[in-house]
Each structure stands twice: as C-alpha cells, then as structure tokens.
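# Summary of structural features
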Amino acid sequence: MSAELPVPPLAELRRRSSAKWRTHPPDVLPLTVAEMDFALAPPVAEVLRAAVEASDTGYSAADAGLGAALAGFAARRWGWTVDPTAVTAVPDVGVGVVELLRTLARPGDAVVVSPPVYPPFFDWVPEAGARLHEVPLARDEDGGFRLDLPALDRAFAARPAAYVLCNPHNPVGRVHTPDELAALVRLARVHGVPIVSDEIHAPLVLPGATFTPLLSVPGAAEVAVSVVSASKAFNLAGLKCAAVVTAAPATAALVHRFPADARWRTGHLGVLASVAAYTEGGAWLDRLLATLDARRTQLGGLLAERLPGVRWRPPDATYLAWLDCAVLGSGDAPRELFFARGRIALEPGLRFGAPGTGHVRLNFGTSAEILDEAVGRMAAATA
Ligand SMILES: Cc1ncc(COP(=O)(O)O)c(C=O)c1O
C-alpha cells in the first residue's frame, strides 16, 4: 500500500451530494469549503456501516464514550491530559462556540477575533448577541502571520467578554507557539478575559510543526475553554459532533449553563464516527498527514512554476492554502477571475475579513491530479 491516501476519480467525486460538490455547475472544479476528497478512514466507515446495518440511527446516548476516546487521542497525539468527564458533546464547533459566548457575553458586549479568520467567526459573535471587535493578525517580515499580542493587550484592557482563538489558525495555517499561547494566557489572566479556543484543525498539524493545546498551557485552565472535533481531520462535518473541553470548575460551570435540551442535538452517527476516529483512526491520520505534506510541497512547486506572481507561505497545519493574489487585483477580483475564466471555485479572501483583500483560499485536501488541474486552471485564467 502506498503511503499516500487515494482519492476517487473526479467523476465519482462529482456524484457526492455534499456542499463542496453541489454548489457550483459541473464544469467548475471546487476547491472551496473544507471537505476533503479522500475516502473515509476504514474504522470510521466500518462503524457507520454497522450502525446503518443495525438501524442504529436514534439519539446519542448520554455517555457514548466520546470523552474517554478524546482523552486517549489527546494524550497519545499531544501529551495533553483531558478529563473525560470534562468533555461535553455538542453538534458542531459553531454550536459549541456560540453557546459558550451566550454564557460569557451580555447583549452588546465586545468579543475579540483576529482576521483573516474562518468566516463564521463573524456570524457566531452576533448570533450570541455580542459585538465584534477585530484585532487582525500581525505580519512577519517573511510574510507569515502571528497573533498581535501588543494589540490584543490593548483590546483586552477594555475588558471584552471573550477572545475567540483559532488554534491552528484558518485560513493562514499558523500553529501558535507555546510562547505565544503562554503570553496570550497571561494577557487573559491580567485583564480577566475568557478565551474560547477553536481547535478543530488540531489533528491536521503537518510534519514540521507541533500543536500546543491551549488548555495544556500553564494557567490556561481557569481562563480558557476549548472546542474540538474529529470532523475536519476525518471528514465528518455532516455527521454533527464536536466537543467542548474544560479543565477547571469555573469553566465547567459555563457548560452547565448550556440549554438543557442541547445534549439531544448532537448526531448519534457523529459520536460513533468520532469515537472510532479517536480510538482507531491514528494510522489513517498519519497517512493523511503524509499525503497533505506531499500536496503542500506539490502546491509550492506548481505555484512557483505556473503562477509566480502569487505569494504564499506554506501552512503549518490544515489542508488550506492562503494565497496572496494581489498581483491580480484587490478585493475578491482574483477569485472572480479564477472562477469566470478558469472555472475553478476558491474561497474569496474578503469572506475572512478585510485583510483578505486580494487573497483566495485553496483547499488542497485532494489528489495530485486534481491539484495539478486546479493550478493549471488558475494559470490559464490569468493568461
Ligand atoms: C476554524 C474552524 N472552526 C469551525 C469550523 C466548522 O466546524 P463545525 O462544522 O463543527 O461548526 C471550521 C470548518 O472548516 C473551521 O475551519
């Protein structure tokens, strides 16, 4: 068996009915929404097949083993000790973050986010009745992105209701360092600002980088809550299962204030699949990471060769590439050009906030052939 995970042929992928494959006309190649093209991890597919076979499609049981499975995975992968009883299943990361913000923010309170960032962050804050306060990421000299700690210090001094951290950070693929996270925790403690850490991309940290769970940082437990999921790394977004993780009584109390009915809303198949992914999916995940590492290298070569004006910094995590296409125009002009002339769909940069001007986000969770075709279409669009 080769090290790389196989991807079904394009004709087969186009028979999928999920958002990635049904949003655009059939002549458009979609490298948009964060769904991957690889087949499911065998242990995950097996548990889902068995559930369907047994018509086991009811509600998720109160203790379905998610906490223990996640705790085992977190210990093996990151040396992070998670108390299984401090893990609360939620339907997805969005629900987890919004419910946490509802408990933390009063109507109109500020909640800080750092664009460019995953677009729903801009929706989750108002959904919880709060107001956005943007503190953009800072730029390094080499074009990389990192948390702007001095600017966060100033923003936290005004006592916002929370900071929503993206760790690793979508769309730039930044894995925040232990020192940065320690400094962030210090700011949170000094100013009394709770942190909600969206760690959905944590299992997708690529070779060369190391993930630091925020709750493993000394002093974080009292001020931070994490929201995790197997859904990005194992392609389970449609099955609806994520988890809120706490590590101190004060933050566990926030979760106890979630609506009483919430526990019935998590997908039973999602819980089954997540438990299988966490307990038996390690070998498949390693192959996925090796495959994504190869795609990342391939993309670098393709861009240098065919789109030399496009600038990027290879991500440390995720299968998402944040491409600076300012050479092709500002705003979402590059995305429109690629779409209209290349028949390739990419995520428009402005969706990620104002710093996304002139950018597109490309999903490289696919085969070498499809990635090659994608960059070929992009290059043709600019010819
Ligand atoms: C940073 C981030 N958070 C959350 C999500 C969505 O998670 P969910 O579908 O569990 O709400 C995504 C999806 O790509 C994401 O990139």
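Placed above this text is the structure.
Presented here is an overview of the structure given in this document. All figures in this text were calculated on a predicted structure; none of them were measured in a lab.

About the criteria used
- Numbering of residues starts from 1 in each chain and follows the order in which that chain's sequence is written.
- Given that this is a predicted model, residues contribute local features only at a pLDDT of at least 70 and side-chain atom pairs are listed and counted only at 80 or more, while totals for whole chains, interfaces and linings are drawn from all residues.
- For the side-chain quantities, the full set of heavy atoms in the structure was used; hydrogens and water were omitted.
- Each pair of aromatic rings taken from Phe, Tyr and Trp, with Trp reduced to its six-membered ring, is defined by centres within 6.5 Å and is described as stacked if the planes are under 30 degrees apart, edge-to-face if over 60, and tilted in the remaining cases.
- Here's how the labels work: a residue is buried when its accessible area is under 20% of the maximum for its type, exposed when over 50%, partly exposed in between, all with a 1.4 Å probe on protein chains only.
- Charge-over-ring placement is defined geometrically: NZ (Lys) or CZ (Arg) within 6 Å of the ring centre, and within 35 degrees of the ring normal.
- Interaxial angle, 0 to 180 degrees, is taken between N-to-C directions of lines fitted to C-alpha atoms, where a helix line uses only the stretch in contact.
- Here a helix means four or more residues in a row that DSSP labels H or I, a strand means two or more in a row labelled E, and each is numbered from the N terminus.
- By definition in this entry, angles of less than 35 degrees are roughly parallel, angles greater than 145 are roughly antiparallel, angles of 65 to 115 are roughly perpendicular, and the rest are oblique.
- A crossing counts as left-handed when the near helix is turned anticlockwise from the far one by less than a right angle, and as right-handed when that turn is clockwise.
- Contacts are residue-level and defined by heavy atoms, with any inter-residue pair within 4.5 Å sufficient.
- For this scheme, ten residues count as nonpolar: Ala, Val, Leu, Ile, Met, Phe, Trp, Tyr, Cys and Pro. Four count as charged, namely Asp, Glu, Lys and Arg, and the remainder, Gly too, count as polar.
- By the criterion applied in these results, polar contacts are pairs of N or O atoms within 3.5 Å in which, for protein atoms, one can donate a hydrogen and the other can accept it, and in which residues neighboring in sequence qualify only through two side-chain atoms.
- A cavity, in this analysis, means grid points on a 1 Å lattice covering only the protein atoms where a 1.4 Å probe fits yet has no way out; a pocket is instead an open set bounded by protein on both sides within 12 Å along at least five of seven lines, and a residue lines either one if it has an atom within 4 Å of a point.
- Grid points are joined across faces, edges and corners, and a volume is the space filled by probe spheres set on the points.

### Brief notes about the packing of aromatic side chains
The full count for this structure, using the stated rule, is 11 aromatic pairs. The interplanar angle of 85° and the centroid separation of 5.4 Å between the aromatic rings of F73 and W78 together place this pair among those described as edge-to-face. Take F73 and W78: they sit in the same class, and that class is buried. Cluster of aromatic residues (ring-pair linked, three or more members): F73, W78, W80, F211 and Y278. Between the NZ or CZ atom of R139 and the centre of the ring of F145, over which it lies, the distance is 3.9 Å. For R343, the ring lying beneath its charged end belongs to F339, and the centroid distance is 5.1 Å.

### Focus on the packing of helix α12 (residues 282-306) against helix α14 (residues 368-382)
Remark: α12 packs on α14, axes separated minimally by 10 Å, with the N-to-C direction vectors making an angle of 25°. Between α12 and α14, the angle is such that the two are roughly parallel. Seen from above, α12 lies across α14 with right-handed handedness. Mapping the contact onto sequence places R295, Q298, L299, L302 and R306 in α12 and A368, L371, D372, V375, G376 and A379 in α14. For the contact of α12 with α14, the per-class residue count stands at six nonpolar, two polar and three charged.

### Overview of the packing of helix α3 (residues 42-53) against helix α11 (residues 268-280)
Relative orientation of the contacting elements α3 and α11 amounts to 145°, with a least axis distance of 8 Å. As for the relative orientation of α3 and α11, their crossing is right-handed in sense. For the pair α3 and α11, the contacting residues are P43, V44, V47, L48 and A51 in the first and L269, L272, A273, A276, A277 and E280 in the second. Partitioned by chemical class, the residues of the contact of α3 with α11 number 10 nonpolar, no polar and one charged.

### Section: the side chain of H191
One can find H191 in helix α8 (residues 178-191). Overall, H191 belongs to the buried group, its relative accessible area being 13%. A polar atom in the side chain of H191 sits 2.6 Å from the side chain of D153.

### Observations concerning empty space enclosed by the protein
In the structure shown here, the tally under the stated rule is one cavity of 30 Å³ or more. Of the pockets and cavities examined, the largest cavity occupies roughly 40 Å³. If you go around the largest cavity, the residues you meet are L70, F73, W78, E199, A202, P203, V228, S229 and Y278. A total of three residues in the lining of the largest cavity trace back to one element, the largest contributor, which is helix α4 (residues 66-78). Of the residues contributing to the lining of the largest cavity, the split by class is seven nonpolar, one polar and one charged.

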